[in-house]
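Topology and contacts: notes
What follows is the residue order along each chain.
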Number of protein chains: 2
Amino acid sequence: MPISDENPADHLTSSQCWTYVRQAKFGRLAVIVDGHPEIFPINFAVDHGTVVFRTAAGTKLAGALSGNPVAFEIDGYDDTLSSAWSVVLKGGATLLDDFSEIMDSEELALFPWQSGTRNAFVRIEPEVTTGRRFLISNAARRNVLRGMGLYTE
Amino acid sequence: MPISDENPADHLTSSQCWTYVRQAKFGRLAVIVDGHPEIFPINFAVDHGTVVFRTAAGTKLAGALSGNPVAFEIDGYDDTLSSAWSVVLKGGATLLDDFSEIMDSEELALFPWQSGTRNAFVRIEPEVTTGRRFLISNAARRNVLRGMGLYTE
């Protein structure tokens, strides 16, 4: 997603950010574990302005519930590949102990990432929402298309 | 990138991880700033088993050089969209003050992300390299193709 010099990044409004978040199914969670950052890819769902994901006991769960804020990021390309965008949500994470709270939402078709028990649901309540959009140079666009197997030279 | 229950995640070897890292141009950096995690999308280059990125002064640079380890993540889909993968590198980050150290590497065609001065180069020296590959369910594959505008029903 390299950006050409002539095209500075645009800041997205909160509304624009949430449009991207609602369309995405997959993002990256950053948590602090023992004083260092960890990143996990997660499937997620949007529920009333919060992000919910499902996980089993482990580093991801312990890190998310450590009491420190977490950060959650999604990114992608627009359809025309003329721009790329990135949205970051930051806030606290809490364990959901009322399972019905989740099941009420039709949005929350959360696939498990791997086999095994994934019986914890965690909710991220964003306090800060930031997003940026970048125009993409022609050279970078060719790299993206190459990565998708759609461009050869 | 949801994963079906029948298909547990495969752990990637270090060699497999680095094959993905060398093919990627873009990833996400997680750093700790004031006790909370931050995530930044970055362009990067591989240089002799390290990851190098370019940045200006700011939160990203300060966080990377805070003395805490950093985490760096890339992910993607295989060509057939039958599997997804994620690689995380963790280690320390240092500021490069010898510019020629960078310019020696033909790999390091680092595009700036936005206009303005981007005169700091930071090197991540991974101490831990982990990667996972996930088989993707048919339902998830349709979601991916929809996201790319290649699938309608």
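Located above this text is the structure these notes cover.
Residues numbered from 1 in each chain as written. Chains lettered and ligands numbered in written order. Predicted model: local features only at pLDDT ≥ 70, side-chain atom pairs only at ≥ 80, totals over all residues. Heavy atoms only, no water.

Some details on the packing of aromatic side chains
Any pair of aromatic rings gets described here by the distance separating the centres and the angle formed by the planes. Residue and element names in this part refer to chain A. Summed over all chains, the structure comprises four aromatic pairs over all chains. Measuring from ring centre to ring centre gives 4.0 Å for Tyr 20 and Trp 85, while their planes differ by 15°; the resulting arrangement is stacked. Note that Tyr 20 is positioned in helix α1 (residues 14-23) and Trp 85 in strand β7 (residues 83-96), a separation of 65 residues in sequence. Judged on exposure class, the residue Tyr 20 and its partner Trp 85 are both buried. (Phe/Tyr/Trp six-rings, centres within 6.5 Å; stacked < 30°, edge-to-face > 60°. Helix = DSSP H or I, 4+ residues; strand = E, 2+ residues; numbered from the N terminus. Buried < 20%, exposed > 50% of the residue type's maximum accessible area, 1.4 Å probe, protein only.)

Quick look at helix α1 (residues 14-23) of chain B
At 3.6 residues per turn, the α-helix brings residues three or four places apart onto the same side. Residues and elements named next belong to chain B. All of the buried residues in α1 are Cys 17, Trp 18, Tyr 20 and Val 21. The buried residues of α1 all sit within an arc of 155° when viewed along its axis, so they share a single face. For α1, the exposed residues set more than 90 degrees away from the buried face come down to Ser 15 and Gln 23. Of the surrounding secondary structure, the elements contacted by the buried residues of α1 are β4 (45-47), β5 (50-55), β6 (70-77), β7 (83-96) and β8 (120-135). (Arc of directions from axis to C-beta. Contact = heavy atoms within 4.5 Å.)

Some thoughts on the pairing of β7(A)
All names here are of chain A. Among the 14 residues of β7, eleven are classified as buried, and the element is accordingly described as predominantly covered. Pairing of strand β6 (residues 70-77) with β7 involves eight bridges; the strand directions are antiparallel. Across the sheet, residue Ile 74 finds its bridge partner in β7, namely Val 87. Linkage of β6 to β7, two consecutive antiparallel strands, is achieved through a turn of five residues, within which Leu 81 is found at a positive phi near 60°. The pairing of β7 with strand β8 (residues 120-135) spans 14 bridges and is classified as antiparallel. By the bridge assignment for β8, Leu 89 is matched with Thr 129. (Pairing = 2+ DSSP bridges.)

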